[in-house]
Amino acid sequence: MAKRNPTSGPKLFGFSLIHPLNLVLFFNIFVWALLMMEGGRGIITYFFGLNPSLVVEKKMYWQVFTYGFLHVVGGDFFSSLIHIGMNMFGLFTVGFWLCRYIGGWKFLSVYLLSQLGGGLFVLSFSYIGWKTGLVPENSIWDSYHSATVGASGGVFGVLAAFSLMFPEARFVFPPVRAKFAPWVLIGFGFSVDAYYLLQFYSSGIMSQSFLGMMSNSGHLGGAVFGLCSLLGLQKFGGKTKTPIFVKRWEKPKENQERVIVRPKNLEDPFETQIRKNRELLSQLYGISDAMEKENILSPIQAENTNLCPPSDYNPEDMFCLRCEWLQNCELRKLKKEHPEL
């Protein structure tokens with residue numbers, strides 16, 4: 001029986017069109033287009049944006065989740081494009097690498113749970129602010145009676161998961177290592193919130209700016225849920241691939257000079273095979289569909305091989321990485337995990 005080869009289909013950003021990362025991008029853009037066609041009348045935002053007063057008083061509980069698929073529209077086209085453009089660019093930038101190492105569907109789980117977490121934090125912060133009187137009624141950020149929209153809760157969750165997987169990666173903005181990036185941005189956002197609150201209590205005037213419109217409680221909730229969901233997936237959702245980096249130096253201890261860790265000898269006879277096997281594994285870890293993996297591995301099987309026992313195969317072991325039959329062991333492992341193949 002003929003089978004369709006998914007690897008031959010159309011791709012976008014290195015993934016198939018139905019890859020979870022692309023589906024999230026498409027759906028957000030689709031909803032944004034609906035909002036633009038609505039003409040800014042606010043009907044969609046009323047029902048699906050996160051308005052804490054409607055969630056609590058009218059029991060519109062779905063808003064805690066659906067807000068993340070809506071973005072700001074109104075005014076000129078450029079200003080409407082900035083909100084969704086920044087969120088989708090940030091999502092793709094860090095989501096691409098997360099998908100390569102944990103797979104598309106685990107990435108989607110992290111994203112959606114982070115979006116939910118951001119909504120729960122917005123609801124909690126705004127309700128507490130309203131009850132205690134800390135948040136002014138004429139404020140448009142985290143207000144009990146105004147709507148919050150945007151994918152940044154999910155984006156911050158993906159960023160926090162990225163910071164856990166790639167802690168030493170460096171960002172251009174903010175110019176810090178990945179393990180600090182989400183918390184630096186969140187801390188800066190809350191500092192801006194504190195400034196506007198102090199300004200209000202000193203002058204009685206609530207100034208508005210682009211920074212003052214951001215929902216920092218949503219960012220915090222997304223980041224917290226993103227970290228927790230990735231840790232949960234690593235513990236209960238099967239093994240997660242650890243990124244492979246070349247360590248350029250070790251941090252020197254007290255009273256000790258910096259120790260330079262030089263790359264392996266390029267004349268290592270196994271270097272070519274190691275690089276070849278790592279490239280294959282990197283390609284496979286970016287694919288979530290078992291049949292697609294089989295279609296990649298089947299044509300490159302080595303014949304007449306004498307493989308090690310299945311329990312000895314470990315793709316992170318240097319002995320396995322040096323082996324020219326690694327693709328055979330990888331296919332055997334795949335068929336054991338997916339007997340239907």
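An unreviewed UniProt entry lists the protein chain under the name Rhomboid family intramembrane serine protease, with Leptospira neocaledonica given as the organism.

**Regarding the overall build of the protein chain**
Tallying secondary structure elements over the protein chain gives 13 helices and 4 strands in all. Counting across all 341 residues of the protein chain, residues that qualify as buried make up 40%. A separation of at least 24 residues holds for 67% of the contacts in the protein chain among residues at least 6 apart in sequence. For the protein chain, the exposed surface amounts to about 19600 Å²; the carbon and sulfur share of it is 64%.

**Digging into unusual backbone geometry**
A cis amide bond links Phe-173 to the next residue, Pro-174, at an omega of -10 degrees. Mapped onto the secondary structure, Pro-174 falls in the loop between α7 (152–165) and α8 (181–203).

**Here's the deal with the packing of aromatic side chains**
Enumeration over the complete set of coordinates arrives at 17 aromatic pairs. Their ring planes at 20 degrees and their centres at 6.0 Å tell us that Phe-121 and Phe-125 sit as a pair that is stacked. Pair noted here: Phe-121 and Phe-125 are both in helix α6 (residues 104–132), with a separation of 4 residues, about one helical turn. Accessibility expressed as a relative area gives 34% for Phe-125, which makes it partly exposed.

**What to know about the side chain of Ser-229**
Looking at the element boundaries, Ser-229 is found in helix α9 (residues 216–236). Setting aside residues up to four positions removed in sequence, Ser-229 forms contacts with Val-110 and Leu-113.

**Examining α7**
Look at α7: 20 Å from first C-alpha to last across 14 residues, which is about the 20 Å you get at 1.5 Å a residue. α7 sits mainly inside the fold: 13 of its 14 residues count as buried.

**Here's the deal with the pattern of salt bridges**
All chains considered together, the criterion is met by 2 salt bridges. In this structure, Arg-177 engages Glu-168 in a salt bridge whose closest nitrogen and oxygen atoms are separated by 2.9 Å. Lys-179 serves as the salt-bridge partner of Glu-168, at 3.1 Å between the closest nitrogen and oxygen. Linking Glu-168 in the loop between α7 and α8 with Lys-179 in the loop between α7 and α8, this pair joins segments that are 11 residues apart in sequence. We classify Lys-179 as partly exposed; its relative accessible area is 33%. Among the charged side chains, a network of salt bridges with common partners joins Glu-168, Arg-177 and Lys-179.

**Some points on the UniProt feature "transmembrane region" (unreviewed entry) in the protein chain**
UniProt feature "transmembrane region" (unreviewed entry): in the numbering of this structure it lies at residues 12–35, 77–98, 110–130, 150–173, 180–198 and 210–233. Taken end to end, residues 12–35 is 67% helix and 12% strand, and its first and last C-alpha atoms sit 24 Å apart. Within residues 180–198, the helical portion is 95% and the strand portion 0%, while the C-alpha atoms at the span's ends are 27 Å from each other.

**Comments concerning a nonpolar patch on the surface**
On the surface, a cluster of nonpolar side chains totalling about 490 Å² of accessible area is made up of Leu-17, Ile-18, Leu-23, Phe-26 and Trp-105. With respect to the helices, strands and loops of the structure, Leu-17 is situated in the loop between β2 (15–16) and α1 (20–38).

**As for the nonpolar core**
Residues Leu-91, Leu-98, Ile-102, Phe-107, Val-158 and Met-165 are the most contacted members of the largest nonpolar core, which totals 29 residues. Counting only elements with at least two residues in this core, the list comes to α1, α5 (77–102), α6, α7 and α9. With 9 residues, α5 is the single largest residue contributor to this core. Formed by 16 residues, the second largest nonpolar core is a distinct cluster that contains Leu-284, Ala-290, Leu-297 and Leu-331.

**Structural notes on the environment of Asn-306**
Position of Asn-306 among the secondary structure elements: in the loop between α11 (290–297) and α12 (318–321). Overall, Asn-306 belongs to the exposed group, its relative accessible area being 64%. Along the primary structure Asn-306 and Trp-325 are separated by 19 residues, whereas in three dimensions their C-alpha atoms are 8.9 Å apart.

**A word on the packing of α5 against helix α10 (residues 271–285)**
Geometrically, a packed helix pair is captured by the angle between its two axes and the distance between the axes. Between α5 and α10, the least distance of the axes is 6 Å, while the angle of their chain directions is 105 degrees. Overall, the two elements α5 and α10 adopt an arrangement that is roughly perpendicular. Counted together, Cys-99, Arg-100 and Tyr-101 of α5 and Ser-282, Gln-283 and Tyr-285 of α10 form the full contact between these two elements. For the contact of α5 with α10, the residue count by class is 3 nonpolar, 2 polar and 1 charged.

**Considering the confidence of the model for the protein chain**
If pLDDT is low for a region, its predicted coordinates should not be looked at in detail. Per-residue confidence for the protein chain gives a mean pLDDT of 83; residues scoring 70 or more make up 83%. Looking at the elements of the protein chain, mean pLDDT is at its lowest for strand β3 (residues 249–250), recorded as 42, and at its highest for helix α4 (residues 63–66), recorded as 97. Segment residues 1–7: pLDDT under 50, and 8 contacts once partners within four positions in sequence are set aside and those in other chains are kept. Under a pLDDT of 50 for its full length, residues 244–250 has, in the predicted model, 12 contacts with residues more than four places off or in other chains.

Each value, and the rule that gives it
- In this convention, every chain numbers its residues from 1, walking through the sequence in written order.
- Side-chain atom pairs in this predicted model are given and counted only at pLDDT of 80 or more, local residue features only at pLDDT of at least 70, and totals for whole chains, interfaces and linings cover all residues.
- Side-chain metrics rest on all non-hydrogen atoms present in the structure, leaving aside hydrogens and water.
- Put simply, DSSP H or I for four residues or longer makes a helix, DSSP E for two residues or longer makes a strand, and each gets a number counted from the N terminus.
- Partly exposed residues are those whose accessible area sits between 20% and 50% of the maximum for their type, while under 20% is buried and over 50% is exposed, using a 1.4 Å probe and protein chains only.
- Any two residues having at least one pair of non-hydrogen atoms within 4.5 Å are treated as being in contact.
- Throughout, the Shrake-Rupley method with a 1.4 Å probe supplies accessible areas, and for residues the shown protein chains are the sole cover considered.
- Aromatic pairing here means that ring centres of Phe, Tyr or Trp (its six-membered ring) are within 6.5 Å. Orientation follows from the plane angle: under 30 degrees is stacked, over 60 is edge-to-face, and everything else is tilted.
- Expected helix span is taken as 1.5 Å per residue step, with the number of steps being one fewer than the number of residues.
- Criterion for a salt bridge: a side-chain nitrogen of Lys or Arg within 4 Å of a carboxyl oxygen of Asp or Glu.
- UniProt positions are given in the numbering used here, feature names are shortened, and annotations may be inferred rather than shown by experiment.
- Patch members must show over 30% relative accessible area and no salt bridge, and they are joined within 9 Å when carrying like charges or within 5 Å when they are nonpolar side chains of Val, Leu, Ile, Met, Phe, Trp or Tyr.
- Here, nonpolar core refers to any group of buried Ala, Val, Leu, Ile, Met, Phe, Trp, Tyr and Cys residues whose side-chain atoms link them within 4.5 Å.
- A fitted line through C-alpha atoms serves as each axis, taken over the contacting stretch for helices, and the angle formed by two N-to-C directions is quoted from 0 to 180°.
- Between 65 and 115 degrees an angle is taken as roughly perpendicular, under 35 as roughly parallel, over 145 as roughly antiparallel, and anywhere else as oblique.
- Gly is put with the polar residues, along with every residue not named as nonpolar or charged; the nonpolar set is Ala, Val, Leu, Ile, Met, Phe, Trp, Tyr, Cys and Pro, and the charged set is Asp, Glu, Lys and Arg.
- Values of pLDDT, the confidence the predictor places in each residue, fall between 0 and 100.

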